[in-house]
Structure formats: C-alpha cells, structure tokens
Amino acid sequence: MSGTTQQSVPFDARPLTEPVDRADVKRFADELSRRFPSGTGAGAVIAVIAIVFVGVMILGFGGLILSILLMVADADGGSGAGIWVSLGIAAFIIGAVVWGVRAFQGQRRERQYRLDRFARANGMSYLPSLGDPALPGMIFGLGRARRSNDLVRGEAPRFAEFANYQYTTGSGKNQTTHRWGYVAIRLDAPLPHIVLDAVGNNTIFGSNLPVGFDKDQRLSLEGDFDRHFALYCPQGYEADALYLFTPDIMARFLDHAGQLDVEIVDDWLFLYTRREVSTLDPATWAWLFSVVAALIHKLDQWGRWRDERLAAGTGVPRPIASGHHEAPAFSAAAPLTPPPRGVAEPGRRLKRRFSWFGVVIIAFVILQFVLQVMGVLD
C-alpha cells in the first residue's frame, strides 16, 4: 500500500477486477476452510441467511404447488399425470434454490479470493472474519453478534486495518443490524479521547454517530474546520487537542477525510463510514489509501505527546482557555523527566449525552410488549 504500509509496494488494484481461475478459487476456499474450521465468518453467516430465506420461499410456494397438484389431478380424472407435473414443478423450484445458494456461495468465495490477492499484492494480509473484535472505538461495544468481516491489514510503517463491521440491536420485529466500515490505525502512545463528527454525513435528525457526546465538550477550531467537523474533547484537555490538531493536521483531515467520522481513543485512530470499506471497488480502495497515506506520517508527532497530569500525580486536568495554541507546559512541581505515556482518568473517555429520544423509544417498545402480552394488540 503506497504510503501506508510498505512504500516500496505500489498500489495495485488489478486483483479486484481481473479474471480469476475457478480452480484457484476453489483451492483457496478449501485452504480457508482448513485454516478457519469454525467457518469463514461473514460468508458462512450470509449463506445460512440465504438458505433460511429460500426455505421461507419454499414454504410460501407450498400452498401454490399443492393447489396446482389438485387441479391437474382433477382435470386428468385421476390419471396420475397431475402428480408428475406437480413433482416436476417442485423439483424445478428445489433445483433453482440449490443453484441460487451455490451461486451465492461461489460469489462469496470469489470475493474472499480477490481480497486476499489484493492484500498480498499491496504488502498486506487478509482475514475473512473476526468475532467481537477487541477494539475500544465507540461502535465496537454496542449491541450483540458483533463481527468484523473481510479484514485487510498492513503492518508498516504502522498497523492499519480496513474492515466491514456489523452488530445487532433489539429483538423480534424491532431487531436491527447496523453496518459500518472502518479503518483502524495504531498510534505510538495513548491519547485523550477525541471525536471528529463529520458534518457532511449527518442526517436531518443530527449526527450520523451511534452515540452522542455532552455539548460542553465541543471545541471550536480555527478557519473552516468547524464547518466540516464538530470536535469533542474532554473538558480540561482543550490545549492538548489544539497541540495534536495543528493547522497542517487539520488541513489533511479537511482535504482527505471530510466524509469520515474520526475517533481517537487510547492508542487508536478510527475512521468510520456507513459504506463498505473492504470492497471490490478499486476507486474506494484508492480513496482510502490516499486518506491513510495523507494522515499516517503526520501521526508521528502525536507520539511525543505526554499528559502532564500524570507527572503532577493529580490526574486532574487544569482549565485552559480554548484559544490557547501552545503545547501544555509542565507544572513547576513536576519532575525533570517527561511524564510516562498514558492519559489521566479524566481524559480517557468523553462524557456521553443523555438521550431522551432513546428513552422514548425504549418506553414505546416496552409498552408494545406489555400490550401484546395483555392481548390488546394482535
């Protein structure tokens, strides 16, 4: 990946689109099954969903087939031809179902094969699926059935992971599967929890993010940055955020990541989008690689940041005016050696906003359930 993994390896998107050998795809699928005996993640899950969907279709056609069988049998005067015609229809439907499931599985295998070859061609590696990834970002602790799919990973000059992600909330009729694409970049040191909410991907209902943050943590920055991003940082860490987001860093986010939500938490930088990140579309990969390449080398200076509160031993952030642009100075009582890497407790997590809308939704779901139990609703 040019500029993001190994600079000697140019961006090569040919494996995403060039013709493939069916035998090679099958060998790859067999090898993948041996390496991951519990299943190949999203491919297996999607195949099961497809089979269940097809089963429902068969049940729906069952009544129609039975009606045809009876009509044909009656018209034939019980000659038995109607039964053979109906069996032929049933066999056709079953054959179509089997063909459809196999074609779907074949497409998934080819997708995995192409992504694996694409990863290798760009000095990276491919992992089909990872359940409940141990990442600290805001989307990774929500719901259940959490899974990353089609992970493409690079190790140099720093670890970067491109993947699709999903989790499920609710149950029954109110069950919803939430899908995201993300890029995870490993940083050199833990940093304060900072979120950049991209204005361009918000809806008429507000932020595109799955959680909200206390507005008292909103920090206004210079120039046009506020028109494109809403920046949130823990109270008392305003000067630290300004030290991290220098004008050149802000310019890179504006130029390359204006449609992506950004989260810095612990020693990770996350880029979020509602579209697929790991895809067979070369244009999407070219865009994502350019975004990471624009940011990744500027992140080296972030590794030099230290939290003065750890040196002072108080863990309590001191209030600093939001217009202050210099790096936070060490306390006079602090030791001469720099503080250890890490973030004091107040800076580790943003305070989330209390949502009355969420309470109303939960109350509505509970009321609906109670009415159903009482027999008021069908």
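Within every chain, residues take consecutive numbers counted from 1 along the sequence as written. Local features are withheld for residues below a pLDDT of 70 in this predicted model, meaning they are given only at 70 or higher, and side-chain atom pairs are given and counted only at 80 or more; totals for whole chains, interfaces and linings count all residues. Note that the side-chain values use all heavy atoms of the structure and ignore hydrogens as well as water.

A. Structural view of the overall build of the chain. Secondary structure is summarised from DSSP: a helix means a run of H or I of at least four residues, a strand means a run of E of at least two, and numbering begins at the N terminus for each. The helix and strand tally for the chain stands at 10 helices and seven strands. Any two residues whose heavy atoms approach within 4.5 Å at even a single point are treated as in contact. Pairs at least 24 apart in sequence give 72% of the contacts found in the chain among residues at least 6 apart. Note on areas: these come from Shrake-Rupley sampling with a 1.4 Å probe, and a residue is covered only by the protein chains present in the view. Per element, the accessible surface of the chain, about 20000 Å² overall, is 60% carbon and sulfur.

B. The pairing of strand β2 (residues 144-154), seen in detail. At least two bridges found by DSSP between two strands are what make those strands a pair. Taken together, the six bridges between strand β1 (residues 125-131) and β2 define a ladder with antiparallel strand orientation. When the sheet's bridge partners are listed, Leu130 is paired in β2 with Ser148. Where β2 and strand β3 (residues 160-169) come together, seven bridges link them in antiparallel fashion. Bridging from a neighbouring strand, Arg144 pairs with Thr168 of β3. Linking β2 back to β3 in an antiparallel pair, the connection comprises five residues.

C. Just the nonpolar core, in detail. By nonpolar core we mean a set of buried residues, namely Ala, Val, Leu, Ile, Met, Phe, Trp, Tyr and Cys, connected to one another through side-chain atoms within 4.5 Å. Classification of residues uses two cut-offs on accessible area relative to the type maximum, computed with a 1.4 Å probe and protein chains only: under 20% is buried, over 50% is exposed, and between them is partly exposed. Among the nonpolar cores identified, the biggest contains 81 residues, and Phe162, Tyr182, Leu231, Phe245, Phe253 and Trp302 are the most heavily contacted of them. With 11 residues, strand β4 (residues 176-198) is the largest single contributor of residues to this core. Excluding its chain neighbours within four sequence positions, the residues that come into contact with Phe253 are Leu196, Phe225, Phe229, Phe245, Gly258, Val262 and Leu295.

D. The arrangement of the packing of aromatic side chains in detail. Working definition: a ring pair exists when centres of Phe, Tyr or Trp rings (six-membered ring for Trp) sit within 6.5 Å. Plane angles under 30 degrees give stacked, over 60 give edge-to-face, the rest tilted. This model, assessed by the stated rule, comprises 22 aromatic pairs. Summarising the aromatic geometry, the rings of Phe245 and Phe253 are spaced 5.7 Å apart at their centres and angled 40° between planes, so their arrangement reads as tilted. Ring pairs connect the aromatic residues Phe140, Phe159, Tyr165, Tyr167, Trp180, Tyr182, Trp268, Phe270 and Tyr272, which therefore count as one cluster. Think of it as a cone above the ring: NZ of Lys or CZ of Arg counts as a charge over the ring if it is within 6 Å of the ring centre and within 35 degrees of the ring normal. Seen from the ring of Tyr237, Arg309 lies directly overhead, with NZ or CZ sitting 3.8 Å from the centre.

E. Examining unusual backbone geometry more closely. The step from Ala156 to Pro157 runs through a cis peptide bond, and the omega angle for that step is 5°. When you line up the elements, Pro157 lands in the loop between β2 and β3. A positive phi angle, close to 55°, is found at Asp150, a residue other than glycine. Summarising the element assignment, Asp150 is placed in strand β2. In this structure, Asp266 is a non-glycine residue whose phi angle is positive, near 55°. Note that Asp266 resides in strand β7 (residues 261-273). By relative accessible area, Asp266 is classed as partly exposed at 26%.

F. Geometry of helix α1 (residues 22-35). Residue count minus one, scaled by 1.5 Å, sets the expected span of a helix. Relative to the 20 Å expected for 14 residues at 1.5 Å per residue, α1 spans 20 Å between its end C-alpha atoms, a close match to the ideal helical length. Burial in α1 covers these residues: Val25, Phe28, Ala29 and Leu32. Take α1 and look down its axis: the buried residues cluster within an arc of 100°, on one side only. The outward face of α1, more than 90 degrees from its buried face, is lined by the exposed residues Lys26, Arg27 and Arg34. Any pair of N or O atoms that falls within 3.5 Å is considered a polar contact. Within protein, one atom must be able to donate a hydrogen and the other to accept it, and sequence-neighbouring residues count only if both atoms are side-chain atoms. Two or three places before Ala23, at the opening of α1, Asp21 has a side-chain oxygen 2.8 Å from that residue's backbone nitrogen. Each C-beta atom gives one direction from the helix axis, and the arc is the one those directions make.

G. Seen up close, the pattern of salt bridges. What counts as a salt bridge is simple: a side-chain nitrogen of Lys or Arg found within 4 Å of a carboxyl oxygen of Asp or Glu. Throughout the structure, instances matching the rule amount to 22 salt bridges. Asp24 is the partner of Arg27 in a salt bridge, and the nearest nitrogen-oxygen pair spans 2.2 Å. With Arg27 and Asp24 both in helix α1, this residue pair falls three residues apart, about one helical turn. A salt bridge links Arg34 to Glu31; its shortest N-O distance comes to 3.0 Å. One end of the pair is Arg34 and the other is Glu31, both in helix α1 and three residues apart, which spans about a single turn. Arg34 sits in the exposed class, given a relative accessible area of 58%. The partly exposed category is assigned to Glu31, whose relative accessible area is 34%. One connected set of salt bridges, linked through shared partners, spans Arg108, Arg111, Asp150 and Glu276.

H. Spatial organisation of the environment of Glu345. By the element assignment, Glu345 lies in helix α9 (residues 345-348). For Glu345, a relative accessible area of 54% puts it in the exposed group. For the pair Glu345 and Arg309, spaced 36 residues apart in sequence, the C-alpha separation works out to 9.4 Å. In this structure the side chain of Glu345 is engaged in a polar contact, spanning 2.9 Å, whose partner is the side chain of Arg348.

I. Structural detail: helix α6 (residues 247-256). Here α6 has its buried residues at Ile249, Met250 and Phe253. All buried residues of α6 project into a common sector of 100° when viewed along the axis, lining one side. Summarising the geometry of α6, the exposed residues directed more than 90 degrees from the buried face are Pro247 and Asp255. Packing partners of the buried residues in α6 comprise β4, α4 (225-228), β6 (229-232), α5 (238-244), β7 and α7 (282-296).

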